[in-house]
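Commentary on secondary and tertiary structure
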2 protein chains.
Amino acid sequence: MTATGAFITSLLTSFAVFCGLLAAFAVLSKLKVNYNIYYPSRMISGLGPTGFAKKQNPLEWMKEAIMTSEEELVRIAGLDATIYLNFFVAVLEIFAYSSLFCIPVLIPIAAKSHHNEEAYRLDPNQTYAGFDNLAMGNVEEGTTKLWAFLVGTYWVSFVTYYVLAKHYKKMIHLRGKEQAYEKAAPQQFTCLVRDIPPVPKGMTRLEQVNSFFKKIHPDTYETCMVVTNIKRLLKIWLKYEAAKKNLEHAEAVCEEPKSTATREVTRPKHKLYFFGLIGPEVDSINFYREKVRELGRLVEVEQQRTLKEEQLGAAFIFFNNRRAAAEASQAVHAPYAMQWQVFPAPEPREVVWQNLAIPVYQRMVRQGVVYCMVFMTVLFYMIPIALISSFTSLENLIRVLPFLKVVVNYPPINTVLQAYLPQLALLVFMNLLPSLLMLLSRLEGIPSQSHLVRAASGKYFYFIVFNVFLGVTLFGTVFSSIAGFKELRNSKNFSVSSVVTLFGSRLPPVAAYFITYVALQNFIGYGLELSRVVPLAIYHLKRRFLIKTQKELDAAWAPPAFTYHTLVPTDILILMISMAYAVIAPLILVFALLYFAIGYVVLRNQALKVYVPAFESGGRMWPHIHTRIVVALFVGQITMIGYFGIKKFPYAVLVILLPLITIIFATMCRINYYPSFRVTSLAIAVEDVKESPPLRKIIEVYTPSCLLNVETICEDSDKFEDAQSSIGSRSMSRSNSVVQTCTEEFHAL
Amino acid sequence: MTATGAFITSLLTSFAVFCGLLAAFAVLSKLKVNYNIYYPSRMISGLGPTGFAKKQNPLEWMKEAIMTSEEELVRIAGLDATIYLNFFVAVLEIFAYSSLFCIPVLIPIAAKSHHNEEAYRLDPNQTYAGFDNLAMGNVEEGTTKLWAFLVGTYWVSFVTYYVLAKHYKKMIHLRGKEQAYEKAAPQQFTCLVRDIPPVPKGMTRLEQVNSFFKKIHPDTYETCMVVTNIKRLLKIWLKYEAAKKNLEHAEAVCEEPKSTATREVTRPKHKLYFFGLIGPEVDSINFYREKVRELGRLVEVEQQRTLKEEQLGAAFIFFNNRRAAAEASQAVHAPYAMQWQVFPAPEPREVVWQNLAIPVYQRMVRQGVVYCMVFMTVLFYMIPIALISSFTSLENLIRVLPFLKVVVNYPPINTVLQAYLPQLALLVFMNLLPSLLMLLSRLEGIPSQSHLVRAASGKYFYFIVFNVFLGVTLFGTVFSSIAGFKELRNSKNFSVSSVVTLFGSRLPPVAAYFITYVALQNFIGYGLELSRVVPLAIYHLKRRFLIKTQKELDAAWAPPAFTYHTLVPTDILILMISMAYAVIAPLILVFALLYFAIGYVVLRNQALKVYVPAFESGGRMWPHIHTRIVVALFVGQITMIGYFGIKKFPYAVLVILLPLITIIFATMCRINYYPSFRVTSLAIAVEDVKESPPLRKIIEVYTPSCLLNVETICEDSDKFEDAQSSIGSRSMSRSNSVVQTCTEEFHAL
């Protein structure tokens, strides 16, 4: 257990680090050379840095971040970021209202009690930090004082219900406003169709889809785009793109002004194999130019083949108005509901092409397998780490790379490596985990990036809840204390109620640990986030040593997007810890408020000036977050039941009502609010559209980029157009006339 | 435990009763005077009795029942009955396929084992009937023979999955055919809208609904009918209808030819109060004629008031084609999904008017309260029975009705009453239960009769499963044996796994009891059903003593509808028992096959000749049944896990997979098949319509009958029409011109 002294030390240390990073930000963000790192989002839209860059006040950025209106935030950062930031507001409200009761009422009651003192008199081995005396643990068992904590539990619960319901309505309002926006987006006219049955004889896939939907939506259906298997094409396409990039780089190197020597001499050269280290030397420009031409031709051939032969059982269908698309996306189309499944189309940028055509049964099997794998990962995540560490043990390292032997056998280095290699393995694994979970989610057959992010976020949440929260509290203490061991050994007594009691009894002693955890997350995490020292360093290093072309420079400071699948689970973990302790150790509320307040300001700054969304899901992250907040509340309530039991409080039975109310609340939200997020409601879809994209444009954005035109000259363009028109309206940017024909054809139908 | 002898005796007895009832049916159904009882469905459609009435063969009715094609069955008995009978086919298939393995493989294995013999040698107190030796209980513990039973468990499970999936598809096909039928039904053009928000200022409810839907469905929306609160009107209306009936009866009595006396003398008279026993005597015809006139006027006044002032937040909306209605019923309409909720309209006959306008939050609260009440009823159903019995104890009876004292105090009568009064109370309660559950379901706020029936059926199922299946097996044996008591007392050991073990260990000894139960249900229940001796007796008694008018005669033999809410749970209970024992005591399969085979023939006969459906839900009972079959399978698998544990079979761990597979199967069915039952798929809705009801007709059938015209002369009909036209198209049969105006008005919009 962390003593009060150690706690304050770690708190002060991280606060100091935070202040340092804050100062670094205030200084660095005012240098013109760093604008690309601190205002990339504004640089891209041509706005330049904000007023803060010129002003003296080092906290001006906070004012800018907070004062920007919500409309502007939606316009700049998108709905997803706005809803994510509103989640912070909701949590701040929950904790602020909770504090109103818990801090002025519960802390004084705990402070005036003497349970810890007595326990210390009876058994001086038990240590209690000063901090512990402000928590419920200090209240004597079975006294009427516990009524206050019971009321506190109810207070926190009802505050949470109230704030969550209020914010759900607000989120629905925000989403509705975005969906009813007068400038219509392509996805509002589009539906995704999956599980199309096999093509009947004498029909093409295109005819099949068109005839089916033309019959059902005679007035509103426009045309469709059949999804193709682009796996083989993509391979060639990526090589082609890489070659193009290399060519540009080589040309830029060639044109670089050198003080001495003629131009001919500076023509770049490279060796053919193994990262340009081995093999015959060639002239880079000529080599890549030839390669681009060659690959371009290959891409075109493969494009033709793909369009003709690789059509799959999925399609995007396009309607002539928003209402029709919104309505179609909600209806069961086929007599057998598992065929012709129609979904709202994901935004074009977030389509996961490989997954669209996976049949429904396969999706289910994949889901089952992935869930099992995640379950195993969550339960036994130590095993891969142990494997990695054993693989990265010094002996193995030396066997693989014998030349390291001399260095490694030097005693001081040896000691350090022995100690840190396993830690390193853990660190690497923990950093690989989000990507691994994204990969697993992708294997499930999810059709859109935003859904992938939500799926990965859910998995990561389980992982950190299990390993950090439960692992540290329950198992950590159980295995470290002999009493816990005894309890587990006597496994006949192992039942649901005993777990609840154990859960309650083991939590309070680790309160201090978690408050430290929250504080650390708080100061250091957000300090790094705001100051962006790591991207800054990388940017300047790259600029100095690697970058030749403007494209490469742009790529070096290209602003990232929010990585919700790691951010959201961490935030909810903090929320969960704070909720579990809100009544037991109300002081945690202060730290939680600090964490979310700093987070709100910092992330609002980042959303406005740094991050640029990679895609827009229409705020569908909110129901995901909402559910997890409710789960956090539920876990907190279960904890309280256990802890009241420990305190021998007979009226603890009244707390049992709360988890039930939480379940009812969750059900109510799912039934009443969730449909507004799952689909576009018709009342919103019929709002006036002032500006809508032309059909050609919509089809174009729903074409994977590798099926769009290749820049090199194509000799047999006639043949190509034939292929295109035969499968409908595809790769439109290359020949607009084809699209025209196509769409007219379907209008005429 | 029932010994083999007792078992055979009870089997033979009930078989004899069954044969007697069968003979009674064969004789009675051929008498012309009974045609109305044995062929009421055919009499109503003017077909008269079937060929069986003329033929000598006493089993001809079976042939008729089985040979009728499915199309004809749908046409005569409706889709609901067809799907209910198909459920019998599905169950027969499951048990037939299960028998293929269980009977020829498992019974010989059990018969050749000697576990019971050994147990008897060790403890002669344990009794084993001959029947028990054919069950798994006779197999020695931990032997390889148990592999056969393990395979049996898998066999039964996979057979069930296969048959259920196959039949789900068949049911979807049947339902689709009915929905795509070329003669369109009114409900196919209609949606039910609930939770309409409060009327904005300066608008009527009608304008509000029309403007909302006109904007969303500009081309397909026709008009709406706002639901009104008819509670007050209904009271007067029912009095009015009763008075009309009494008047007709009195007139018929008056016109009855009497051998002596003049007509004037036979004019019926009655006294005014307390069932015509007390008060001044009046001439019945004059009295009722005056009453009908008076009430008729009251009804009209109330109709006007209702239409104007009692409009509620629910409406039926009408579309001009099936597709539009089907599509609208599946879409979220309002920005906040809990407003303007649109559902597929129930069939006109099954609308529960009082429940339509209950707001969504109230529905949820009601549902919660009702579930709690049902839970309590299921758990503590002995308490109301005890209350009733204490109330109906002799002492109370004497206190209430002192004149019974002399009779009751006569010793022999006293003894009999003392013994049977509690039994009587149980009987009364068990018979009241389905109605009570229907009432509870109605309180939930369910908008349609068929849904009510499903809800009540679900509740009844829990009840009988808990009280009959679990009550008899688990609790019955636990409480009757000292060992069970001990186990329960030592409640520290009470955990999930111990319950499963207990469950498995207590089941087999009661196998014989359940086989008797099945056999009894089988023979006596279906014998009574087929022979209809009770309705026959009532009919003839009524005809002799009460009936005066043709209307009353028709009412006396009016054919009932299937009472699915009592039939389905009973069938599924039998199914559940048989499934739990299919591997443990495979002989039960023979009885189960008999039960469902006889049930199939008898009920098919009844569906074709007797029952007339009160409404048609489009076969929505099937998903309900399907889920409960899956639950039965799940319970069976859990039982097997427990029983394998008892038998100390280490590979029993393999059975744990099965419940998981069952859960996956259930999820798969819910995702893939259920949507086809929840809504009408668009591909079906766009099928060609050859004959569709005119809008006026559709509106008329969706008007509650008490809002339709009153037969007496109405003096101020102008005022009335004003009221009608102001609220739209309502009570149409009374003035068609109003409807015309109304519908034209909306066409013009």
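Not measured: the values here are computed from a predicted model. (Residues numbered from 1 in each chain as written. Chains lettered and ligands numbered in written order. Predicted model: local features only at pLDDT ≥ 70, side-chain atom pairs only at ≥ 80, totals over all residues. Heavy atoms only, no water.)

Glancing now at the overall build of chain A. Secondary structure summary: chain A contains 31 helices and six strands in total. Considering only contacts within chain A whose residues lie at least 6 apart along the sequence, 81% involve residues at least 24 apart. Only carbon and sulfur atoms are counted for the fraction: they give 64% of the accessible area of chain A, which is about 35100 Å². (Helix = DSSP H or I, 4+ residues; strand = E, 2+ residues; numbered from the N terminus. Contact = heavy atoms within 4.5 Å. Areas by Shrake-Rupley, 256 points an atom, 1.4 Å probe, with all protein chains shown as cover.)

Residues and elements named next belong to chain A. Relative to each other, helix H7 (residues 146–179) and helix H26 (residues 657–672) sit at 5°, their axes nearing to 11 Å. With respect to H26, the element H7 is oriented roughly parallel. Contact residues: H7 offers Thr-153, Tyr-154, Ser-157, Phe-158, Tyr-161, Leu-164, Ala-165 and Tyr-168, while H26 offers Leu-657, Leu-658, Ile-661, Thr-662, Phe-665 and Cys-669. (Axes fitted to C-alpha atoms, helices over the stretch in contact; angles between N-to-C directions. Parallel < 35°, antiparallel > 145°, perpendicular 65-115°, else oblique.)

All right, on to the interface of chain A and chain B then. If you look at the interface, chain A gives 39 residues, while chain B gives 39 residues. Between chain A and chain B, a total of about 3300 Å² is buried, with carbon and sulfur atoms accounting for 63% of that surface. When the buried surface of chain A facing chain B is broken down by residue, Val-332, Tyr-336 and Asn-672 of chain A rank first, second and third, together holding 16% of it. Connecting chain A to chain B are two salt bridges. One salt bridge connects Lys-215 of chain B with Glu-687 of chain A, and the closest N-O pair in it is separated by 3.9 Å. Remark: the boundary between chain A and chain B carries 14 residue pairs in polar contact (both at pLDDT 80 or more). Across the side of chain A that touches chain B, the residue classes break down as 24 nonpolar, nine polar and six charged. (Buried area = accessible area lost by both parts, 1.4 Å probe. Salt bridge = Lys/Arg side-chain N within 4 Å of Asp/Glu carboxyl O. Polar contact = N/O pair within 3.5 Å; in protein donor to acceptor, adjacent residues only side chain to side chain. Nonpolar A, V, L, I, M, F, W, Y, C, P; charged D, E, K, R; others polar.)

All names here are of chain B. The four strands are arranged S2-S5-S1-S6 in an open sheet whose pairing can be described as antiparallel. Strands with a single pairing partner mark the edges of an open sheet, and in this sheet they are strand S2 (221–228) and strand S6 (341–344). If you compare each strand with its neighbour and ignore which way they point, the axes differ by 30° on average. Of the strand pairs in this sheet, S2 and strand S5 (residues 311–319) are connected by six bridges, and their pairing is antiparallel. Among the inter-strand pairings, Thr-223 is bridged to a residue of S5, identified as Phe-318. (Pairing = 2+ DSSP bridges.)

Here we come to the environment of Ile-446 of chain B. Residues and elements named next belong to chain B. Its place among the elements puts Ile-446 in the loop between helix H16 (411–443) and helix H17 (449–480). Exposure remark for Ile-446: the relative accessible area of 5% places this residue in the buried category. Spatially, the C-alpha atoms of Ile-446 and Asn-355 are 6.2 Å apart, while their sequence positions differ by 91 residues. In this structure Ile-446 touches Val-352, Asn-355, Ser-441, His-451, Leu-452 and Ala-455, once residues within four positions along its chain are discounted. (Buried < 20%, exposed > 50% of the residue type's maximum accessible area, 1.4 Å probe, protein only.)

To continue, consider the side chain of Asn-36 of chain B. All names here are of chain B. Within the secondary structure, Asn-36 is located in helix H2 (residues 35–38). Looking at Asn-36, the relative accessible area reads 14%, which means it is buried. Reaching out from Asn-36, the side chain makes a polar contact with the side chain of Tyr-539 at a distance of 3.2 Å. Excluding residues that lie within four positions of it along the chain, Asn-36 makes contacts with Met-43, Tyr-539 and Trp-557.

Bringing helix H22 (residues 550–557) of chain B into the picture now. Residues and elements named next belong to chain B. Within H22 the residues assigned to the buried category are Glu-552, Leu-553, Ala-556 and Trp-557. Looking straight down H22, one finds its buried side chains confined to an arc of 125°; they lie on one side. Away from the buried face of H22 by more than 90 degrees, exposed residues Gln-550, Lys-551 and Ala-555 are located. Residues of H22 that are buried make contact with H2, helix H3 (40–44), helix H9 (231–255) and helix H21 (533–545). (Arc of directions from axis to C-beta.)

Right, let's get into the environment of Asn-34 of chain B. Residue and element names in this part refer to chain B. Here Asn-34 is to be found in the loop between helix H1 (4–28) and H2. Distance in space between the C-alpha atoms of Asn-34 and His-540 is 8.9 Å, their sequence separation being 506 residues. Residue contacts for Asn-34: discarding those within four places in its chain leaves Leu-28, Leu-536 and His-540.

Residues and elements named next belong to chain A. Despite not being glycine, Arg-532 has its phi angle at roughly 50°, a positive value. Along the chain, the position of Arg-532 falls in the loop between helix H20 (511–531) and helix H21 (533–545). Among the residues examined, Arg-532 registers a relative accessible area of 9% and is labelled buried.

Right, let's get into the packing of helix H5 (residues 70–111) of chain A against helix H25 (residues 621–646) of chain A. Residue and element names in this part refer to chain A. Orientation of H5 relative to H25, taken along the N-to-C sense of each, is 25°, at an axis distance of 10 Å. Judged on the interaxial angle alone, H25 and H5 are roughly parallel. Relative to H25, H5 is oriented so that their crossing is right-handed. On H25, the residues touching Ile-83, Phe-87 and Ile-94 of H5 are Trp-622, Ile-625 and Ile-629. Across the contact of H5 with H25, the residue classes break down as six nonpolar, no polar and no charged. (Left-handed = near helix turned anticlockwise from the far one by under 90°.)

For the rest of this paragraph, the subject is the confidence of the model for chain A. All names here are of chain A. When pLDDT is averaged along chain A, the result is 79, and 79% of the positions lie at 70 or above. A low-confidence stretch, residues 476–482 (pLDDT under 50), is modelled with 13 contacts involving residues beyond four sequence positions or located in other chains. Contacts for the low-pLDDT stretch residues 712–749, under 50 throughout, to residues beyond four places or in other chains number 64 contacts. (pLDDT = per-residue confidence, 0-100.)

The two copies are related by a screw motion: chain A maps onto chain B through a turn of 180° and a shift of 0.1 Å along the axis, at an RMSD of 0.1 Å. The two molecules are tied by a two-fold rotation axis, judged by turn and shift. Counting the interface residues of chain A, we find that 100% of their copies in chain B are interface residues as well, pointing to one common contact surface. (Least-squares fit on C-alpha atoms with pLDDT ≥ 70 in both.)

Counted under the stated rule, the structure contains 74 aromatic pairs over all chains. Measuring from ring centre to ring centre gives 5.6 Å for Phe-87 of chain B and Phe-88 of chain B, while their planes differ by 65°; the resulting arrangement is edge-to-face. The exposure classification of Phe-87 of chain B matches that of Phe-88 of chain B, with both residues buried. On the numbers, 5.6 Å between centres and 35° between planes, the contact of Phe-562 of chain B with Tyr-564 of chain B is tilted. Given a relative accessible area of 10%, Phe-562 of chain B falls into the buried group. Here Tyr-564 of chain B falls in the buried class, since its relative accessible area comes to 13%. Clustering of aromatic rings is evident, with ring pairs tying together Tyr-84, Phe-87, Phe-88, Phe-95, Tyr-526, Phe-562, Tyr-564, Tyr-595, Phe-596 and Tyr-611 of chain A. (Phe/Tyr/Trp six-rings, centres within 6.5 Å; stacked < 30°, edge-to-face > 60°.)

What follows concerns a nonpolar patch on the surface. Residues and elements named next belong to chain A. Taken together, Trp-147, Tyr-651, Val-653, Leu-654 and Ile-656 make up a surface patch of nonpolar side chains, about 460 Å² in accessible area. Positionally, Ile-656 belongs in the loop between H25 and H26. Its relative accessible area of 43% is what places Ile-656 among the partly exposed residues. (Patch = residues over 30% accessible without salt bridge, like charges linked within 9 Å, V, L, I, M, F, W, Y side chains within 5 Å.)

Glancing now at a positive patch on the surface. Residue and element names in this part refer to chain A. Among the surface-exposed residues, Lys-231, Lys-235, Lys-239 and Lys-291 lie close enough to one another that they form a single positively charged patch. Of the residues forming the positive patch, the biggest block, three residues, is contributed by helix H9 (residues 231–255). Tracing the backbone through its elements, the reader meets Lys-291 in helix H10 (residues 284–309). (Lys, Arg positive; Asp, Glu negative; His and termini not counted. Charge placed at Lys NZ, Arg CZ, Asp CG, Glu CD.)

The subject of this paragraph is the sheet that holds strand S2 (residues 221–228) of chain A. Residue and element names in this part refer to chain A. The antiparallel open sheet is built from four strands, whose spatial order is S2-S5-S1-S6. Two strands lie at the open edges of the sheet, namely S2 and strand S6 (341–344), each paired on one side alone. Taking each pair of neighbouring strands and ignoring which way they run, the sheet shows an average axis angle of 30°. Its contacts with the sheet put helix H8 (residues 205–216) on strand S1 (190–194), S2, strand S5 (311–319) and S6, and the angle it makes with S2 is roughly 145°.

All names here are of chain B. This model, assessed by the stated rule, comprises 36 salt bridges over all chains. We note a salt bridge from Lys-177 to Glu-71, for which the minimum N-O separation is 3.4 Å. Here Lys-177, found in helix H7 (residues 146–179), pairs with Glu-71, found in helix H5 (residues 70–111); they are 106 residues apart in sequence, far enough to count as distant. Here Lys-177 falls in the partly exposed class, since its relative accessible area comes to 42%. Exposure remark for Glu-71: the relative accessible area of 52% places this residue in the exposed category. A salt bridge links Glu-290 to Arg-293; the shortest N-O distance between them is 3.4 Å. Of this pair, Glu-290 and Arg-293 both sit in helix H10 (residues 284–309), three residues apart, which is roughly one turn of that helix. Residue Glu-290 is classed as partly exposed on the basis of its relative accessible area, which comes to 40%. Overall, Arg-293 belongs to the partly exposed group, its relative accessible area being 39%.

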